[in-house]
Amino acid sequence: MIEAAMIWNEPNNKSHWDPELDPDWAIFADTVARAGNAIHAINPAITRVLGGMSPIDPAWVRRMEGHGALDAVDVVAVHGFPLDWNLWSIHEWPAKVAEIEAVTHKPVWVTEVGVGSFGAEEVQVFGLRRTAELLLGRVPRVFWYSLFDLPMEWGATTRHREAEGSSYYRHFYMGLIRPDGTPKPALEDYARVAGEMGLMQWFHFEDPRLDDAVAWMKRLGTKKLRTGLSWADSFRPNATDWFDRQMEALADFDVTVTFCFTPEHLGVAPHHTSPAREPQAFADFCAWMIDRYAPASTSVPAVAAE
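Calculation rules
- Residues numbered from 1 in each chain as written.
- Predicted model: local features only at pLDDT ≥ 70, side-chain atom pairs only at ≥ 80, totals over all residues.
- Heavy atoms only, no water.
- Helix = DSSP H or I, 4+ residues; strand = E, 2+ residues; numbered from the N terminus.
- Rg over C-alpha atoms; globule rule 2.2 N^0.38 Å.
- Buried < 20%, exposed > 50% of the residue type's maximum accessible area, 1.4 Å probe, protein only.
- Contact = heavy atoms within 4.5 Å.
- Areas by Shrake-Rupley, 256 points an atom, 1.4 Å probe, with all protein chains shown as cover.
- Lys, Arg positive; Asp, Glu negative; His and termini not counted.
- Charge placed at Lys NZ, Arg CZ, Asp CG, Glu CD.
- Axes fitted to C-alpha atoms, helices over the stretch in contact; angles between N-to-C directions.
- Parallel < 35°, antiparallel > 145°, perpendicular 65-115°, else oblique.
- Left-handed = near helix turned anticlockwise from the far one by under 90°.
- Nonpolar A, V, L, I, M, F, W, Y, C, P; charged D, E, K, R; others polar.
- Phe/Tyr/Trp six-rings, centres within 6.5 Å; stacked < 30°, edge-to-face > 60°.
- Lys NZ or Arg CZ within 6 Å of the ring centre and 35° of its normal.
- Pairing = 2+ DSSP bridges.

Engineer: Would you explain the overall build of the chain in this entry?
Structural biologist: Within the chain, the regular secondary structure consists of 9 helices and 8 strands. In summary, the chain has a C-alpha radius of gyration of 18 Å against a globular reference of 19 Å for 306 residues, a match within 12%. Referenced to the eigenvectors of the C-alpha coordinate spread, the extents of the chain come out at roughly 45 × 40 × 40 Å. By the burial criterion, 57% of the 306 residues in the chain qualify as buried. Contacts in the chain between residues far apart in sequence, at least 24 positions, make up 78% of those at least 6 positions apart. Of the accessible surface of the chain, which amounts to about 12300 Å², a share of 51% is contributed by carbon and sulfur atoms. Put simply, the chain has 27 plus and 42 minus side-chain charges, and the middle of one group is 3 Å from the middle of the other.

Pasting the structure below:
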């Protein structure tokens, strides 16, 4: 059941929003406002989440407020990976959350936090335990990224590639379960907090891992899941069938669904990180998804005030 809708993913990160096409995020803010209002019009009980920022940047939040985007959301979200990509210590998590709380009265959710096993699986064990200690009870929602490793042959959605040393390759080691289906040591530690810490798991179009993911999450006791429905994928053949299958499979979880990725033919530039030529088209997609999967009569109460 959908409890929240996130509008875009990491919009202050060039891997997900092109700053050369929208240098002051004015188009993005308009996109958020239109999408947030469209979601609210279909179902006002759905909690609207500003796409999780990465890096964590209070100045960017102020910019979004100045553009009016915060008026159309209920929650501000942050993402952090201090043992893999960020230039701050994992022990600074409470301070990083506080930086955002200092510039907005909106609740702050941690909608993506993770530690990879690229260097050593023992590092991931430490990272998961320490993250749980620092964030559970500190913020209303925490989502661990991710359940599954990303298969190397699928490639990572990023523009960095090999230019930053091991940075690109770390994307493939963020899961608690290896590509061959075997669990890593940290999975046992996650199971101890699964009732409080959600999972963030992207599912690719017609992802063969969907049923396995559902089985694992039920076995682990996971209650909350963050995933995505891609605007770009909605133009693929059989897209609605896949969306229906995905959302039906996830019906037993409290889902935060992320709407993102511009169809190439609708962007200012032909890339999924491009602003749309017509931001209202993205808002219409969000409204369609909420109307289809979380109409007002079937949704859960709003949770933003937690």
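Back to the text.
Engineer: Is there a simple way to think about unusual backbone geometry in this case?
Structural biologist: Cis rather than trans, the peptide bond between Ser54 and Pro55 has omega equal to 15 degrees. Relative to the elements of secondary structure, Pro55 occurs in the loop between β2 (47–53) and α2 (58–66). Look at the link from Tyr145 to Ser146: it is a cis peptide, with omega at 5 degrees. Residue position: Ser146 is located in the loop between β5 (142–145) and α5 (167–170). Even without being glycine, Trp8 reaches a positive phi, approximately 75 degrees. Position of Trp8 relative to the elements: it lies in the loop between β1 (2–7) and α1 (26–42). Taking relative accessible area as the criterion, Trp8 reaches 1% and is therefore assigned buried. The phi torsion at Glu206 lies on the positive side, around 55 degrees, for a residue other than glycine. Checked against the element boundaries, Glu206 lands in the loop between β6 (198–200) and α7 (210–220).

Engineer: It is not clear to me how the packing of helix α4 (residues 121–135) against helix α6 (residues 186–193) should be interpreted in this structure. Could you clarify?
Structural biologist: Packed helix pairs are characterised by how far apart their axes lie and by the angle those axes make with each other. As a packed pair, α4 and α6 sit with axes 8 Å apart at the nearest point and diverge in direction by 15 degrees. As judged from the angle between their axes, α4 and α6 are roughly parallel. As α4 runs across α6, the sense of the crossing is left-handed. Residues Gln124, Val125, Leu128, Arg129 and Ala132 of α4 lie in contact with α6, whose contacting residues are Ala186, Asp189, Tyr190 and Val193. Residues of the contact of α4 with α6, tallied by class, amount to 6 nonpolar, 1 polar and 2 charged.

Engineer: What is the right way to read the packing of aromatic side chains from this model?
Structural biologist: Aromatic ring pairs are described here by two measures, namely the spacing of the ring centres and the angle between the planes. Scanning the entire structure with this criterion turns up 16 aromatic pairs. When the centroid spacing of 5.2 Å and the interplanar angle of 75 degrees are considered together, the rings of Phe81 and Trp85 count as edge-to-face. Overall, Phe81 belongs to the buried group, its relative accessible area being 4%. Classification of Trp85 as partly exposed rests on a relative accessible area of 24%. A network of ring pairs unites the aromatic residues Trp8, Trp17, Trp25, Phe28, Trp60, Trp231 and Phe282 as a single cluster. The aromatic ring of Trp109 is capped on one face by Arg141, whose charged end is 5.2 Å from the ring centroid. Arg219 extends its terminal NZ or CZ atom over the ring of Trp216, reaching a point 4.3 Å from the ring centre.

Engineer: Explain the sheet that holds strand β8 (residues 254–260) to me, please; I cannot follow it from the model alone.
Structural biologist: Spatial strand order, β1-β2-β3-β4-β5-β6-β7-β8: 8 strands in a closed barrel with parallel pairing. Strand-to-strand, the axes of this sheet are offset by a mean angle of 30 degrees, without reference to chain direction. Looking at chain direction, strand β4 (residues 108–113) and β5 are connected through 2 bridges and run parallel. Within β5, the position partnered with Val110 by the bridge is Val142.

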